[in-house]
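Now for the letters of each chain:
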Amino acid sequence: MRVLVVGGGGREHAIVHACARARHDVLCTPGNPGIALMARVLDGAQDAATLAALAAAEAVDIVIVGPEAYLAAGVVDACRAAGIPAFGPTRDASRLEGDKAWSKAFMIRHGIPTAQHEVFSELDMALAHVSGLTPPIVVKDAGLKAGKGVTIAHSASEAGAALREIFTQVGAQAVIEDFMTGQEVTVLALCDGTRYALTPPSQDHKTIFAGDTGPMTGGIGVICPFPVDEPTMQVIRETIIEPTLAGMRAEGLEYRGVLYAGLMLTPSGPKVVEFNARFGDPEAEAVLPLLTSDLARHALDAALGHLDPSSVRFSAEASATIILAAPGYPSDPERGIPLTLPEAGAGQVIYHAGTRMDGDQLVSHGGRVLAVTATAPGLTRALGEAYALADRVGFPGAQLRRDIGGRIGLVPEATRSPV
Ligand code: GLY
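Residues numbered from 1 in each chain as written. Predicted model: local features only at pLDDT ≥ 70, side-chain atom pairs only at ≥ 80, totals over all residues. Heavy atoms only, no water.

Visitor: Help me understand the overall build of the protein, please; the structure alone is not making it clear to me.
Guide: Along the backbone of the protein there are twelve helices and 22 strands. In the protein, the share of contacts with a sequence separation of at least 24, taken over all contacts with a separation of at least 6, comes to 67%. In the structure as shown, the protein presents an accessible area of about 16,000 Å², 53% of it carried by carbon and sulfur atoms. Placing the 33 positive and 46 negative side-chain charges of the protein at their respective mean positions leaves the two points 2 Å apart. (Helix = DSSP H or I, 4+ residues; strand = E, 2+ residues; numbered from the N terminus. Contact = heavy atoms within 4.5 Å. Areas by Shrake-Rupley, 256 points an atom, 1.4 Å probe, with all protein chains shown as cover. Lys, Arg positive; Asp, Glu negative; His and termini not counted. Charge placed at Lys NZ, Arg CZ, Asp CG, Glu CD.)

Visitor: How do you make sense of unusual backbone geometry when you look at a structure like this?
Guide: Most peptide bonds are trans, and most residues other than glycine sit at a negative phi. The omega torsion across P135 and P136 is -5°, close enough to zero to call that bond cis. By secondary structure assignment, the location of P136 is in the loop between α7 (123–131) and β7 (137–141). In this structure, P225 follows C224 across a cis peptide bond, with omega equal to 0°. Within the secondary structure layout, P225 lies in the loop between β15 (221–224) and α9 (230–250). You will see that D212, though not glycine, has its phi angle at about 55°, which is positive. You can see D212 is positioned in the loop between β13 (207–209) and β14 (213–216). What makes D212 partly exposed here is its relative accessible area of 36%. (Buried < 20%, exposed > 50% of the residue type's maximum accessible area, 1.4 Å probe, protein only.)

Visitor: I keep staring at the pairing of β15 and nothing clicks. Help me out?
Guide: Across a regular strand the side chains alternate sides, sitting on one face of the sheet and then on the other. Here β15 shows no split at all, with G221 and I223 on one side and V222 and C224 on the other all buried. As paired strands, strand β12 (residues 203–204) and β15 are joined by two bridges and run antiparallel to one another. When the bridges of β15 are listed, D204 appears paired with V222. For β15 and strand β18 (residues 318–325), the ladder comprises four bridges, and the chain directions are antiparallel. Across the sheet, the residue bridging to C224 is S319, located in β18. (Pairing = 2+ DSSP bridges.)

Visitor: Which parts of the structure should I look at to understand the packing of aromatic side chains?
Guide: Here a ring pair, both rings aromatic, is described through the centre-centre distance and the interplanar angle of the planes. The tally for this structure, following the rule as stated, stands at one aromatic pair. Between R278 and the ring centre of Y260, over which it is positioned, the NZ or CZ distance is 5.6 Å. (Phe/Tyr/Trp six-rings, centres within 6.5 Å; stacked < 30°, edge-to-face > 60°. Lys NZ or Arg CZ within 6 Å of the ring centre and 35° of its normal.)

Visitor: In this structure, what is going on with the sheet that holds strand β1 (residues 2–7)? I would like to understand it.
Guide: Strands in a sheet are paired, the pairing made by backbone hydrogen bonds, and the direction either parallel or antiparallel. Reading across the sheet, the five strands line up as β3-β2-β1-β4-β5 and stay open at both edges, with parallel pairing between neighbours. Taken across any chain shown, the strands that pair with only one partner, and hence form the sheet edges, are β3 (40–41) and β5 (86–87). Judged from the two bridges that link them, strand β4 (residues 62–65) and β5 form a sheet pairing that is parallel. Residue pairing across strands places I64 opposite F87, the latter belonging to β5. Helix α11 (residues 295–303) contacts β1, β4 and β5 of the sheet and is inclined by roughly 95° relative to β4. (Axes fitted to C-alpha atoms, helices over the stretch in contact; angles between N-to-C directions.)

Visitor: Please clarify how the site of the ligand should be interpreted in this entry.
Guide: Residues in contact with the ligand, as listed here, are D204, K206, G218, Y260, N276, R278, G280, D281, P282 and E283. In this structure, a nitrogen atom belonging to the ligand sits 3.0 Å away from a main-chain N or O atom of G218. Measuring from an oxygen atom of the ligand, one finds a backbone N or O atom of D281 at 2.9 Å. In isolation the ligand exposes 200 Å². Once the protein is present, 97% of that is buried. A breakdown of the residues in the shell around the ligand according to their chemical character gives two nonpolar, three polar and five charged. (Near = heavy atom within 4 Å. Polar contact = N/O pair within 3.5 Å; in protein donor to acceptor, adjacent residues only side chain to side chain. Nonpolar A, V, L, I, M, F, W, Y, C, P; charged D, E, K, R; others polar.)

Visitor: Hey, could you run me through the packing of α7 against helix α8 (residues 156–166) in this one?
Guide: The angle between the axes and the distance between the axes are what describe a pair of packed helices. Where α7 contacts α8, the two axes come as close as 9 Å, and the packing angle between them is 160°. When the interaxial angle is binned, α7 and α8 end up roughly antiparallel. For α7 against α8, the interelement crossing comes out right-handed. Taking contact as the criterion, the partners of L123, A126, L127, V130 and S131 in α7 are, on α8, A156, A159, G160, L163 and R164. Looking at side-chain class alone, the contact of α7 with α8 contains seven nonpolar, two polar and one charged residues. (Parallel < 35°, antiparallel > 145°, perpendicular 65-115°, else oblique. Left-handed = near helix turned anticlockwise from the far one by under 90°.)

Visitor: How do you make sense of the layout of surface pockets when you look at a structure like this?
Guide: Where empty space is left becomes clear once a probe the size of a water molecule has been rolled over the atoms. Looking at the second largest pocket, its volume works out to about 180 Å³. Considering the residues around the second largest pocket, the lining is formed by H13, H17, G34, L37, M38, L341, P342, A344, V349, I350 and H352. Broken down by element, the residue count for the lining of the second largest pocket peaks at three residues, all from strand β19 (residues 348–352). Looking at the lining of the second largest pocket residue by residue, the classes come out as seven nonpolar, four polar and no charged. (1 Å grid on protein atoms, 1.4 Å probe; cavity = no way out; pocket = protein on both sides within 12 Å on 5 of 7 lines; lining within 4 Å. Points joined across faces, edges and corners; volume = space filled by probe spheres on them.)

Visitor: Whenever I open this one, the pattern of salt bridges confuses me. Can you help?
Guide: Between side chains of opposite charge, a pair can form when the charged atoms approach closely. In the structure shown here, the tally under the stated rule is 22 salt bridges. Across the pair R401 and D212 runs a salt bridge whose closest N-O atoms are separated by 3.0 Å. Pair noted here: R401 is in the segment after α12 (379–390) and D212 is in the loop between β13 and β14, with a separation of 189 residues, a long-range link. Its relative accessible area of 2% is what places R401 among the buried residues. (Salt bridge = Lys/Arg side-chain N within 4 Å of Asp/Glu carboxyl O.)

Visitor: Looking at this structure, I do not really get the environment of K100. What am I missing?
Guide: As for its placement among the helices and strands, K100 is situated in helix α6 (residues 100–109). Since its relative accessible area comes to 12%, K100 is described here as buried. K100 sits 174 residues away from E274 along the chain, and the two C-alpha atoms are 7.9 Å apart. Ignoring anything within four residues of it in the chain, the contact list for K100 reads K140, D141, A142, V175, E274, F275 and N276.

Right, here's the structure in full:
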């Protein structure tokens, strides 16, 4: 098959890698230098109509959309209108991620467990509300923020600062919700509107510093599979994934694509922290290397509404992804830092998240720069290999968290293998 992957970050590199492993002819736009090693990278405008025209001109069999902004811009709608199958929800269905106020209201309408919340369109009302709350207080920007629009405020004044920042934007809305305790877990469902297949659960780490401290990032390190027992998985399927797909169908928004359920395993059961409308980043970099079946085939089947969930298969191994971020990330990442990549060994891969070529030199070009992944027969070994590989990357000033997996007591297994 000929596959067009839309996007140019670490998640798209992982999608391209999965399609290339299954020996498809893979194209990608806008791509990045790592993607260029395994796919034909196409330049060009990134608006929905131009992308659909590009897919038609290249006679692709399936378009796989990575980032949420392209979904919100209607890339899937434009491709479908041009008769090209595209894997991802339509613009309207992607409101599940793009409009957090709508998404929370959807969950309430369909009885999907989530934190109690209030939505505010005016700063003064929001400030008055938080002044009466007991911290921690969760403040979310209702719009698309690349995973960074959430503040866990430990005082009313910190919540107030987050709200003031949100309301600097015209037409902003803020969602203020109860803080939930428990382990956080990401469950990704490949959906064809009715049927779905779950990937193994994973756990991302969102703050920049160890011990879950510091500002929020888009995600800085992942372990997969995160251990979730089968009864809990059953509850997740029955109370979250299935009612979401049924609810979307009932509202005329048949959901085809990846449903990202960001969950908290609270003492009173799994609850939705947020829905996203695409693969997680960096969850994709940890989850997709474990896929042993054909991603492009699943994407086409799902886009056409006939996914066979039993055909979606994963290795029994574990994986760990460590993000190497630029100095200054997340507020002000330094760009243009020269990077030297070591050779990756079997079961290891360095995904490019924010890089570009400066002449012959690979340099940093974003906040999250590289996603270093290792797969191995257990989480501690995967972590050990991922850290060992990350430590061999030449990246002056790189930031990385040393405690990925630490929330469940994992300690990276020391590895003697140099690659
Ligand atoms: N890793 C969080 C996200 O993709 O939104």
